[in-house]
Structure formats: C-alpha cells, structure tokens
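# Examining the three-dimensional arrangement
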Amino acid sequence: MKSCDLLVIGCGIAGSSLALQLAKKGLHVIVLTSSKNPLESNSSWAQGGIAFSGQGDTPELFAKDIFEAGAGLCNPAAVELLASRGPRLVQEFLIDTLGITFEPTLTREAAHCMPRILHAKDTTGRAIAESMMAAMTAEPNIEILTQHTAIDLITLSHHSEQNSDIYLPSTCVGAYVFAEEAKLVKKIFAKETVLATGGLGEVYLHTSNPSEARGDGIAMAYRAGARIMNMEYVQFHPTTLYLPGKRRFLLSEALRGEGAQLLNSRLQPFMQSYHEKKELAPRDVVARAIFGEMLTSSSEHLWLDMTAKKPDWLKDRFPLLTSACRAHGFDLAHEPVPIVPAAHYSCGGVAVDLQGRTTIARLRAIGEVSCTGLHGANRLASTSLLEGLVWASAAAEELLSGWSQRSDYFPPVREWQMSDEKADSALLQQDWISIKQTMWNYVGLVRGKDRLQRALKMLRELQWEIDSFYEKAAISSELIGLRNGILTASLITQGAWRNKNSLGCHYRID
Ligand SMILES: Cc1cc2nc3c(=O)[nH]c(=O)nc-3n(C[C@H](O)[C@H](O)[C@H](O)COP(=O)(O)OP(=O)(O)OC[C@H]3O[C@@H](n4cnc5c(N)ncnc54)[C@H](O)[C@@H]3O)c2cc1C
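Just so it is clear, the model here is predicted, and its values are computed rather than measured.

## Side note on the overall build of the protein
A tally of regular secondary structure across the protein gives 15 helices and 17 strands. For the protein, the C-alpha radius of gyration of 22 Å lies close to 24 Å, the compact-globule estimate for 510 residues. Seen along its three principal axes, the alpha-carbon backbone of the protein occupies a region of about 70 × 50 × 40 Å. Residues classed as buried in the protein amount to 52% of the 510 residues present. A separation of at least 24 residues holds for 76% of the contacts in the protein among residues at least 6 apart in sequence.

Laid out in structure tokens, this is it:
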C-alpha cells in the first residue's frame, strides 16, 4: 500500500499545474500517467494557443464570446471565473513563473471578437507541457509514475472492509492502479484524489486526440457514483488532414484565423452560404457545413486552401503544420489540402463546482475530464488549456486553505483479484472497431432517433460482452481502456438520446 497527500491521475496541463502548485507548498503529490512518455497527452498536442487578453480586451468581451460559442448553455459563474482570472494566470504562472516564451503578437481564432490567442508558433501545447514537466521533475515533493493506469477509484461505499463505512457520505480515498511493467495492481491512498485524465475522442472512428483519450476518468467517476453531465456535447473539429487508414492530424483553427479558406469538392468556397462569419463561424457550424457538403457531393473529404499566404510566412508561422503536411505528401503553401471533421473535445464530463469538487467527497476533477459548464453546448477555441490552468489554480487555493482539517481516514480495503487468463487481442481490437464505428455513424455530427436507438442497442450488448470478458481476463491497459471506452460511449449516446433539442455541437435531425 502506498499513500500520499494528493493523488493526481493524469499529467496534462490540468494535472501538472495542480501538482506543481501544491507540491511547492510542501504536500506530497503522486502523479500518474498511463503513457510511457509523460509528455504524451492532449495538452502536448495543442497547436493553436491559449486565450489571453487582446488589445482593448475586457473580461466582459471575452465572456461574451464564450457565451455565444456555448449557445446560451454556459454556466455564468464558470465563464466569469475564467474570463476574469485566466489572462492573469497565464501571465503569472506560464510566463513569469515557468518562463515559457510565446510569440510577441497575438493571433485570432474562430468566434473570438479580436486577436487574443497567445501561441508558441503552432506547438503551444508542447512548449507548455515541456516546461511543466521540467518543473515537476525538479520538484522533490512530486513522484511521477509513468505507465501507471488508474483502474477504479477506491471509495468507502464500494471497497471499505469496515462495514459501517457504507453509511458515511460517498467518499473517495484513492485508486486501484495498474503498474504496466511490474504487471501488478497497487492500491494508492490519498487525502484528496484528482481526476485530470483528459478527453474521450478515441471512442470515435475519426479523432484528433491521442489514443489515451478514451474517457477513463469519466468512466471511473461514473462507476464510483459521481454526477456526469452534458455528455452529448462532443465537439468535432472541422479540419483534420484526411489520411485514409491513418490517425488524423489536426489542422489548427489558427489557419482559418489567418485567412485559410474552405473549398468544396469542386474547389469552390462555400462557407458564405452557412454563416455571416464564413470560415470564422463557431466550430459546430463549420464542421456541419463541411459534413453537409461532403454528403451532398458524396465526397470523402473537402479542401482547405492556404495558398494566399507567402510560403516563407507560412513556414515561419506554422512550422509543425507545414512539415506534417509535407511528410504526408501535401504542400500547404502551393495547393489546397484534403480535410475531414473529427471528434475533438468533450464539453461534458464529471460535474464539478468552481473549485473542481465533484459530488463525491475527497474527489475532484479538473481539465477536459470535468464539466464546469464553461463551454455550455460548444467550446470557444483556445479556452480548454486555460480552463485546465484556472481550475487547477482554484482547486489548489481551496485545498490549501483547509488542508490541516482534511481527513486522512484510509480504511482497510480488499486486495485486487488478479486473473492470469490472457485477453484475446482479436476480441479487444474488434470491440474497439465496433465502438468507434457505431459512435461515428450514429452518434456523430448529426444525430437522429433511429440512429441513436440503434447505437444504444448495439452498445448495450457490447457492454455486456466486454464486462463479462473483463471479469475473466488478465488486467492490461488496453482492457482497462476498452471497459472505459464502452461506458463512455454509452454515456454520450444516452445523453444524446435524452436531449431532443439541437444546441451547439449536439445536432438532431429529428
Ligand atoms: C490536436 C489537438 C489540438 C488542440 N489545440 C488546442 C489549442 O490550441 N488550445 C486549447 O486551449 N486547447 C486545444 N486542444 C484541447 C486541449 O489540448 C485539451 O482539452 C487539454 O489539453 C486537456 O488537458 P487535460 O490536462 O485535461 O488532459 P490531457 O492533456 O489530455 O492529459 C490527460 C492525462 O491523463 C492521463 N490518463 C488518462 N487516463 C488515465 C488513466 N486511467 N490512468 C492514468 N493516467 C491517465 C494521460 O496519460 C494524460 O497524462 C487541442 C486538442 C487536440 C487533441
């Protein structure tokens, strides 16, 4: 058994910022990542940037843009917190404390009323993640455990061997964690456990996310009895590079912010027929416009044209994107490149308050795994890195203010029962394909009653199969992910089924 003050599950921007802030105050923090390379996360992949403060900007102007993108469903208190504290935190924590160097000029992204996006060319996420990782590695109070995948949260009501604990309020005391190299399950106890596991794009056939983004945190919280909300609001990014048979590569919104034009299958602009802001319309509008044009022309992709810009400027402003396109045989400077929409961001997740508290005591959720209500029915570009930063800081402040009174009750808990029956990899692979195709075809950009009904039925049957398979097979990171993937997919589908109103990125044709 291992114990600590704070167990942080995930080391993207949200988990890392919280760990750093609390470790600096003397708390012993354990940070887990399922990846071998701790830099592997959605945060590292962020290209466009992080919202900051433009010329003549105010929290009110910033908030107005967030509300408009969120289609009126945003939580006003969450919007106010981010708009008022976010830019200051970027300055104080990212620039002054961590010393991250950003470009001197701000850029503009879709649905922002002015240029207010701070960026490190097109590798902003990597610049932030590398600085945070360097700071964490140098911090003696932080223990980073790589290839350690949380399986389930340990709660008093589910796991305590002290019978009377079931009468206490629902409380989390740590997690069962699979150590991949040692092939064993550890119990890690913590005074406070924090889910910072990121998104869920991997449950879709086409996604901009890395493979760890399979909804692990949401599934763990759901099994532990936490409130989950707004799961139907999955944002699809309009432009990923169309690469048949390969993982999609995101072509940042910033390209359109800098003037890139969308072209239909006849290589003609079309966004003027869908929205007055054309290419800079909210993401859901752009993604559905592309999807609609693809359907009417029976095309597998459309085009993005950046050829109006000078090649040298393009190479300097978007070094990652120009080289990634070139690596796949496309020349961004001289020809339109093929694009398709892909699942990108989860606006819903584990319901939390302004300090990241979930409905379970001693359990918080921050970053993309959480639902603060900030994004409402759709997310404004470049606000998710900022959300991770703001909620990590708000949670850190609140935790520190009452730390000395925190409970350190760790009950006796049963050992994990290990099986040595190897999981059949053909079953694992086929189950993933079924989940991804079902979600893409029936719970994707455009949803309808019959499609959702079909998806619910298929996912229910598959979940039964996977759960019984999970009971018998030897534990592995893939199996943990599959069990979480099917549950997350079901939660999205149930949310989409229940909500008959089209709003933001949830669009029903019926
Ligand atoms: C291609 C791309 C571009 C983007 N561009 C931008 C942008 O320009 N601006 C912006 O604001 N946002 C952008 N986003 C969104 C943004 O990057 C994410 O929303 C944000 O980084 C999420 O941060 P996080 O800390 O919540 O999670 P992540 O950064 O995803 O980190 C999750 C962590 O949890 C770990 N983990 C997951 N499950 C487990 C488990 N069971 N056990 C242990 N560890 C686990 C992972 O290994 C990882 O360390 C982009 C996203 C993508 C995919």
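## A look at the site of the ligand
As a matter of local geometry, the ligand sits amid 43 residues, with Gly 10, Gly 12, Gly 48, Gly 198 and Gly 367 nearest to it. Sorting the residues of the shell around the ligand by element identifies helix 1 (13-23), helix 2 (42-45), helix 5 (124-137), strand 6 (148-155) and helix 12 (384-401) as the ones contributing at least two each. Class assignment for the residues of the shell around the ligand results in 15 nonpolar, 25 polar and three charged.

## Digging into the domain arrangement of the protein
Split by domain assignment, the protein resolves into domain 1 (2-48 + 124-232 + 347-405), domain 2 (240-342) and domain 3 (425-498). Measuring from the centre of the C-alpha atoms in domain 1 to the corresponding centre in domain 2 gives 33 Å. Taken together, the contacts link seven residues of domain 1 with 12 residues of domain 2. Here the side of domain 1 that touches domain 2 is built from residues that sort into one nonpolar, six polar and no charged.

## Section: the pairing of strand 10 (residues 234-241)
Within strand 10, eight of the eight residues are buried, which leaves it mostly tucked inside the rest of the structure. As judged from the six bridges shared by strand 10 and strand 14 (residues 337-346), these two strands associate in the antiparallel manner. When the bridges of strand 14 are listed, Gln 235 appears paired with Tyr 345. Across two bridges, the pairing between strand 10 and strand 11 (residues 249-250) is antiparallel. Looking across to strand 11, one finds that Leu 241 is bridged to Phe 249.

## Considerations on the sheet that holds strand 15 (residues 349-351)
Sheet architecture is open: three strands sit in the order 9-15-17, paired in mixed fashion. With partners counted over all chains shown, the strands left at the sheet margins are strand 9 (228-229) and strand 17 (370-371), one partner each. Along the sheet, helix 7 (residues 216-224) contacts strand 9 and strand 15; its crossing angle with strand 15, the most-contacted strand, is approximately 45°.

## Points about the environment of Gly 376
Residue placement: Gly 376 occurs in the loop between strand 17 and helix 12. Residues Gly 376 and Glu 293, spaced 83 residues apart in sequence, show a C-alpha to C-alpha distance of 27 Å. Those residues within four positions of Gly 376 in sequence are excluded, and the remaining contacts are Gly 70, Ala 71, Gly 72, Leu 73, Cys 74 and Gly 504.

## Quick look at the sheet that holds strand 10
A sheet is described by the order of its strands in space; here five strands give the open sequence 11-10-14-13-12, paired in antiparallel fashion. Looking along the sheet, the strands with just one partner apiece sit at the ends: strand 11 and strand 12 (261-263). Summarising the sheet, strand 12 and strand 13 (residues 302-305) pair through three bridges and their orientation is antiparallel. Each residue of the ladder has a partner; that of Leu 262, found in strand 13, is Leu 304.

The rules we used
Residues numbered from 1 in each chain as written. Predicted model: local features only at pLDDT ≥ 70, side-chain atom pairs only at ≥ 80, totals over all residues. Helix = DSSP H or I, 4+ residues; strand = E, 2+ residues; numbered from the N terminus. Rg over C-alpha atoms; globule rule 2.2 N^0.38 Å. Buried ≥ 20, exposed ≤ 12 C-beta atoms within 10 Å, placed from the backbone. Contact = placed C-beta atoms within 7 Å. Near = placed C-beta within 6 Å. Nonpolar A, V, L, I, M, F, W, Y, C, P; charged D, E, K, R; others polar. Domains from an automatic or database assignment. Pairing = 2+ DSSP bridges. Axes fitted to C-alpha atoms, helices over the stretch in contact; angles between N-to-C directions.

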